[in-house]
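Chain by chain, the residues:
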Amino acid sequence: MISTQSSEADALGTASFTPLSSNKSPELPELPELPESSEWFSTIGKKLLTGITGLGLVIFVVVHLLGNLTLFFSASAYNRLAHIIERLGVLTYLVEGGLLAIALVHIAVGINIHMNKQTARPVKYAQYVSAGQPSRQSLSSRTMIVSGLVLGGFLVMHLATFKFGTYYTLPDGSGRDLSRLVFETFHRPGYTAGYVVVLSLLGLHLRHGIWSALQSLGIATRPGLYAASAVLGSAIALGFIGLPISIYFGLI
Amino acid sequence: MKINLKIWRQEHARVSGAFVHYTVANVQPDLSFLEVLDLLNEQLIAEGGVPVEFDHDCREGICGACGMMVNGQAHGPLQRTAVCQLYMRHFSDGDTVTVEPWRAKAFPVIKDLVVDRSALDRISAAGGYISVKTGAAPDANAVLVAKPDADTAFDYAACIGCGACIAACPNASASLFTAAKISQLALLAQGQPERKSRVVKMTQQMTAEGFGDCSNHGECQSVCPKGISIDAIAQMRREYIRAKLPFG
Amino acid sequence: MTLNARIPEGPLPHKWGNFKDHCQLVNPSNKPKHTILVVGTGLAGASAAATLAEQGYRVKSFCIQDSPRRAHSIAAQGGINAAKNYPNDGDSVWRLFYDTIKGGDYRSREANVYRLAQISNQIIDQCVAQGVPFAREYSGLLANRSFGGAQVSRTFYAKGQTGQQLLLGAYGAMMRQVAARQIELFPRREMLDLVVINGQARGIVVRNLLTGEFERYAGDAVVLATGGYSNVYYLSTNGKNSNVTAAWRAHKRGALFANPCFTQIHPTCIPVASEFQSKLTLMSESLRNDGRVWVPKQAGNQRLAQEIPEADRDYYLETRYPTFGNLVPRDVASRNAKQVIDEGRGVGSTGLAVYLDFRDAIASQGKSAIEARYGNLFEMYQRITGEDPYAVPMRIYPAVHYTMGGLWVDYHLMSTVPGLFVLGEANFSDHGANRLGASALMQGLADGYFIIPYTLGNYLATTPLPEVDTSDEAFGEAEASARTRTMKLLSIQGDKTVLDFHRELGHLIWNGVGIHRHQQGLKKTIEDVRSLRHEFWQNLRVPGEATTLNKNLEFAGRVADFMELGEVMARDALAREESCGCHFREEFQTASGEAQRRDEPFAIAAAWKYQGDEQPPELEHETLVFENVELTQRSYR
Ligand SMILES: Cc1cc2nc3c(=O)[nH]c(=O)nc-3n(C[C@H](O)[C@H](O)[C@H](O)COP(=O)(O)OP(=O)(O)OC[C@H]3O[C@@H](n4cnc5c(N)ncnc54)[C@H](O)[C@@H]3O)c2cc1C
Ligand code: FES
């Protein structure tokens, strides 16, 4: 049992690393060839995917927000914008399809990373504390999966409420009166409160998310970007929240 | 002063472990944290017990052998400090200190606070070097390296391979360890020929070892005893884009 | 008996070339048939393993740590010398050779040191090509600094982490060969015996430190690169795992141990603060470029440093050595510190320290200049002591740092056991009685990258090596003896721990074979160490079992070997009736208190031959022949 002179065959074969303990770790370096598209599903590829899709969604959200803000000018401006979008026809579908795909990829990769995290540390720490600055760990970074999933769920509901919600027609019959639906919805206290909560979560998601996306794409090394991410994230959230609050309290 | 210790004890990888409470009296502020563990072990031997095993060697923060979670933080509460360089003057009389091993699937516990970090060696073997034959090198000054690049390369090269970045990462990702080497070599003229293959092979090995993906929590840079910045990780991603993607 | 160093013929500058021109080579197709066992993965071991593997040999590499990258070389701070003469300040191969020979107080071998200086330049080329991020100038060229009082700037460095960067370079080279399956790694293994078959080193017995199993490995040659034995003093700047075990067990199998009493004591370490302290931390001696060393003029001073007026301060190095001042060599600085402390003039709560004061440097150059130069060292000092060296002077004390002694090797780096090669700090070769700063890294890498590939090849090509395997009875005997010794340690179950014994041993050796040595003290040390050793084997308590990770058991084995080594160190110091380099015999000093060398009859390497645990070893020697340098008295006044 004692002498374990490893044989030539061993040396030529797999045992370049003699196992240290019974927990055999993966051997080196014959890695299974991943499929052709593996560059996108490797650990860095996944980051690039979340980063790119995340930034895509940020752009969408900003555009959406700008649209919402037209309501502060007038209901008709808002409705006119809705008409323009409606009239884009096929293009709208293309953009919607694209956005949906982006969102799905973003969600799928996010879930995958989260699940990997579970397997990578099967035994949890009894005590765990962040070491503080310059750590970027925050409530925001730790809750990305939660805020993300809530936002995903919200998206479905949001589409049901507005896009596929009651179709009011303008008095002159010239098209949909979307602003009426918006005003009605945001006079419901429960819905409004829920909306505010969810959009706060969007702010929380973007606080880490925008910076993280830039870091994932390898461009976040400038010192101000982390703070900028917080500012932009909060601005977006506040912008969205401003509308229902204003409607609910009769400010517009 | 008196220090209470709550230490993870585990006989070997195949059994489960548990926390055990100990008290060490007469701890002087000039002792290092590892010296308190030494004291505890002497105490345990005197009582007929079995000492707590932990890895250590240089005890001056450079070999990377030591490493444990102290009160929930990798290497303890002091930044840029390996646990062997943590002195008791940062604790107070009567403190209870929780001590746990690094925890990650890729770092199985060997005994008590000792874990198997050979995964890091395998990541290095996958490409963490420049393939130069002994004796074949040109004169050292034949190739110039701009000082800022050389300095940044040094900052990344300072990694001691302790594994704290992985231990502290909420995802148990080895990105900082891997990126530090990739980025060091990418910044040097000598590292260019293998630049593309290196990033691909090393990151593949990192995944194969069972480390998690990075979520940019950046916790790693706060616990790194050498303060290596996550700029290295950003660089690693640029290297990957350059190596793998059509627009790179 | 006089030992033959097998120095090649020819004038000094051509010896190495002649050797390379005429040595036998191993046919490339035969190289894979040779297995080489390389023990140790420090600079010497890692560079040897990588290079031999690259040449096609099958290499098995062993180390104590969990990863080869953690070998003690990682801790070297200051830098590595080479005769590049990039600064154009008059350096040359000859000058590096001469400084090293002179620095070693003429107790090293001319041919080896000259070869080292010749190879030094290739080392820098090699390391830069590996991506070692040495410090650079704004021009993009490599930067150099003057180190350890050298008159030329020949030291290459990577901040205060040169050893780390060089080792990671060598580690990378090794890992490349691991990936290529040319090197098989065996971490967490401790070599416990050398297997000698038909007079040739043919294998080793190691203990797997995780499972406790004893393992046998056979090969065509054994390369030991297991580092130095400073830890015989218990407190030293070496890593806790540094030990003499591999070298010592090889010694007991017939390899001679040379100059064991040549141990270097470094003057600038952070002083001991508590009795439970486990380790001393070195601070780069570059600090002495700007810091002034002093103690109070009167003994028994109780005042704080700031309260001591200029008139009451004794800048003893500056007064005693007007030319070199604070930059005298390590041994001189350490000896003087010990002397003023022995006079009761030491400072700090223990009285075991002298001041290293930056007040004047800060006043004349500004705090920021000092911070730029030494910022990280000051930070380290503050972290360890809790004191701010910008405000109060540092306290420093000498600490054991390096061991020039080691297994005797010839020009081929082969010990007296054929097939056993010894590299790096583990051999005795190049530093004589005192090592110059930044030359150990150079030697380790010269041995591993550039010398062993030739000399080992020559050995393999010229030596008949019959087939052996691990079932040979020599393996059985070696394993049994390693096992018995290990089990014995566990079974004593006495009252004192390994740490208790190690501390006591350290105390004895520090007092007897430390900075000052004298006949009476050495005789007493021999007796004391011997009786401590006997007590050790009666009264040791090692907890736990032999079948899992058990560091106490590992350390027990190492301390047991240190006990035997310690006695031989004292014998060596006793036999060497002269003062030279770090070996200061009080009976042999000049009128002004400097080391008095006696070249006749002591221009020799004293090599000890093991005769049995209770038998005094037998002294053999190699006569050192100086054909190229004139032996002068070192003078730093
Ligand atoms: C704090 C400090 C600073 C220094 N600074 C400098 C400097 O600036 N410049 C300079 O030139 N020199 C410096 N030195 C000296 C220099 O670092 C060492 O002499 C040199 O690194 C030794 O290298 P090595 O390869 O011989 O051995 P080491 O690096 O000590 O390696 C020994 C190896 O052997 C293994 N080993 C030991 N025993 C066994 C066993 N029984 N079984 C299996 N494996 C074993 C170990 O695991 C390890 O891998 C410094 C030393 C210290 C302590
Ligand atoms: S023991 Fe070496 S880094 Fe802590």
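Residues numbered from 1 in each chain as written. Chains lettered and ligands numbered in written order. Predicted model: local features only at pLDDT ≥ 70, side-chain atom pairs only at ≥ 80, totals over all residues. Heavy atoms only, no water.

Asks: Help me understand the sheet that holds strand β1 (residues 3–9) of chain B, please; the structure alone is not making it clear to me.
Replies: Consider a sheet: its strands pair through backbone hydrogen bonds, and that pairing is either parallel or antiparallel. Residues and elements named next belong to chain B. Spatial ordering of the open sheet is given by β2-β1-β5-β3-β4, a layout of five strands whose pairing is mixed. On the outer flanks of this sheet lie β2 (18–24) and β4 (73–74), each paired with one strand and no other. Bridge count for strand β3 (residues 69–70) against β4 is two bridges, and the pairing is antiparallel. Opposite Met 69, over in β4, you have Ala 74 as the bridge partner. (Pairing = 2+ DSSP bridges. Helix = DSSP H or I, 4+ residues; strand = E, 2+ residues; numbered from the N terminus.)

Asks: In this structure, what is going on with the confidence of the model for chain A? I would like to understand it.
Replies: The predicted coordinates should not be examined in detail at positions where pLDDT is low. Mean pLDDT over chain A: 86, with 85% of residues reaching 70 or higher. In the model, residues 1–36 of chain A has pLDDT below 50 throughout and makes 83 contacts with residues more than four positions away in sequence or in other chains. (pLDDT = per-residue confidence, 0-100. Contact = heavy atoms within 4.5 Å.)

Asks: For this particular structure, what's the right way to read the UniProt feature "domain: FAD-dependent oxidoreductase 2 FAD-binding" (unreviewed entry) in chain C?
Replies: Sequence positions flagged by UniProt for "domain: FAD-dependent oxidoreductase 2 FAD-binding" (unreviewed entry) are, in local numbering, residues 36–441 of chain C. A helix fraction of 29% and a strand fraction of 19% characterise residues 36–441 of chain C, whose end C-alpha atoms lie 23 Å from each other. (UniProt positions renumbered as here; feature names shortened; annotations may be inferred.)

Asks: What should I look at first to understand the interface of chain B and chain C in this one?
Replies: By convention, interface size is frequently given as the accessible area that disappears when the constituent parts associate. Each side of the interface is counted separately: chain B has 71 residues, and chain C has 74 residues. If you sort the residues of chain B by the area they bury against chain C, B:Asp57, B:Thr134 and B:Phe154 come out on top, with a joint share of 11%. Between the two partners, chain B and chain C, sit six salt bridges. The shortest N-O distance in the salt bridge between C:Lys159 and B:Asp155 comes to 3.5 Å. Run the count over chain B and chain C and you get 44 residue pairs in polar contact (both at pLDDT 80 or more). Of all the secondary-structure elements, those providing two or more residues to the side of chain B that touches chain C are α1 (33–46), β6 (109–111), β7 (114–115), α2 (118–125), α3 (147–157) and α5 (175–187) of chain B. Split by residue class, the side of chain B that touches chain C holds 36 nonpolar, 16 polar and 19 charged. (Buried area = accessible area lost by both parts, 1.4 Å probe. Salt bridge = Lys/Arg side-chain N within 4 Å of Asp/Glu carboxyl O. Polar contact = N/O pair within 3.5 Å; in protein donor to acceptor, adjacent residues only side chain to side chain. Nonpolar A, V, L, I, M, F, W, Y, C, P; charged D, E, K, R; others polar.)

Asks: What should I look at first to understand a nonpolar patch on the surface in this one?
Replies: Residues and elements named next belong to chain A. Side chains of Leu 81, Ile 84, Ile 85, Leu 88, Val 90, Leu 91, Leu 94 and Val 95 sit close together on the surface and give an oily, nonpolar patch of about 730 Å² of accessible area. Of all the elements in the fold, those that place two or more residues in the nonpolar patch are α4 (75–87) and α5 (90–120). Residue Leu 81 is classed as partly exposed on the basis of its relative accessible area, which comes to 31%. (Patch = residues over 30% accessible without salt bridge, like charges linked within 9 Å, V, L, I, M, F, W, Y side chains within 5 Å. Areas by Shrake-Rupley, 256 points an atom, 1.4 Å probe, with all protein chains shown as cover. Buried < 20%, exposed > 50% of the residue type's maximum accessible area, 1.4 Å probe, protein only.)

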